[in-house]
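# Descriptive structure summary
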Amino acid sequence: IPPCPSNYDNSKSNYIAGDRVTVKSHIFKCSEETGYEIYCNIAVWNDDLSVQNENAKDMWTDAWEDVGECAPTQEELMEEEAAAGN
């Protein structure tokens, strides 16, 4: 199992195609298909996006591709334990 990349940051707005992030010990890659990159930078769906592109909802849903599991770093494991109150 590969090591986990940085956690997804929903406040970040400069993800580019091919970027990899971690969500709950899974690697996700920002799609390299044309037009998807912008949706990697939109954390929460907004219906107004459909006005600009009728396929926006599907593209937003598919913007991050699940690559597979990853091994959390020791630091991430400690953060998870702290968040769980252990």
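Structure first, text after, so check above.
Residues numbered from 1 in each chain as written. Predicted model: local features only at pLDDT ≥ 70, side-chain atom pairs only at ≥ 80, totals over all residues. Heavy atoms only, no water.

### A closer look at a negative patch on the surface
A contiguous patch of negative charge, built from Glu75, Glu79, Glu80 and Glu81, is present on the exposed surface. Relative to the elements of secondary structure, Glu75 occurs in helix H3 (residues 74-84). Owing to a relative accessible area of 55%, Glu75 belongs among the exposed residues under this scheme. (Patch = residues over 30% accessible without salt bridge, like charges linked within 9 Å, V, L, I, M, F, W, Y side chains within 5 Å. Areas by Shrake-Rupley, 256 points an atom, 1.4 Å probe, with all protein chains shown as cover. Salt bridge = Lys/Arg side-chain N within 4 Å of Asp/Glu carboxyl O. Lys, Arg positive; Asp, Glu negative; His and termini not counted. Charge placed at Lys NZ, Arg CZ, Asp CG, Glu CD. Helix = DSSP H or I, 4+ residues; strand = E, 2+ residues; numbered from the N terminus. Buried < 20%, exposed > 50% of the residue type's maximum accessible area, 1.4 Å probe, protein only.)

### Looking at the nonpolar core
One finds Tyr15, Val21, Tyr39, Cys40, Ala56, Ala63 and Trp64 to be the most contacted residues of the largest nonpolar core, which totals 13 residues. Those elements that provide at least two residues to this core are strand S2 (26-30) and helix H2 (56-62). What Ala63 contacts, discounting residues up to four positions off in sequence, is Lys29, Cys30, Ser31, Tyr36, Tyr39 and Cys40. (Core = buried A, V, L, I, M, F, W, Y, C linked by side-chain atoms within 4.5 Å. Contact = heavy atoms within 4.5 Å.)

### Overview of the side chain of Ser31
Within the secondary structure, Ser31 sits in the loop between S2 and helix H1 (49-52). Look at Ser31 and you get buried, because its relative accessible area is 1%. Look past the residues within four positions of Ser31 in its chain and what remains in contact with it is Ala17, Gly18, Tyr36, Glu37, Cys40, Asp62, Ala63 and Glu65.

### A short note on the state of the cysteines
The bond known as a disulfide is covalent and runs between the sulfur atoms of two cysteines. Summed over the entire model, instances satisfying the criterion amount to 2 disulfides. Two residues share a disulfide in this structure: Cys4 and Cys70, whose sulfurs sit 2.0 Å from each other. Judged by the torsion about the S-S bond (90 degrees), the Cys4/Cys70 disulfide is right-handed. Taken as a pair, Cys4 in the segment before strand S1 (20-23) and Cys70 in the loop between strand S3 (64-69) and H3 lie far apart in primary sequence, 66 residues in all. Exposure class is identical for Cys4 and Cys70. Each is buried. What pairs with Cys30 in a disulfide is Cys40, and their sulfur atoms sit 2.1 Å apart. With the S-S bond torsion at 105 degrees, the cross-link from Cys30 to Cys40 turns out right-handed. Taken together, the positions of Cys30 in strand S2 and Cys40 in the loop between S2 and H1 put the pair 10 residues apart, joining distant regions of the chain. This pair shows no difference in class: Cys30 is buried, exactly as Cys40 is. Disulfide connectivity for the chain, with bonded cysteines indexed by sequence position, reads 1-4, 2-3. (Disulfide = S-S within 2.5 Å.)

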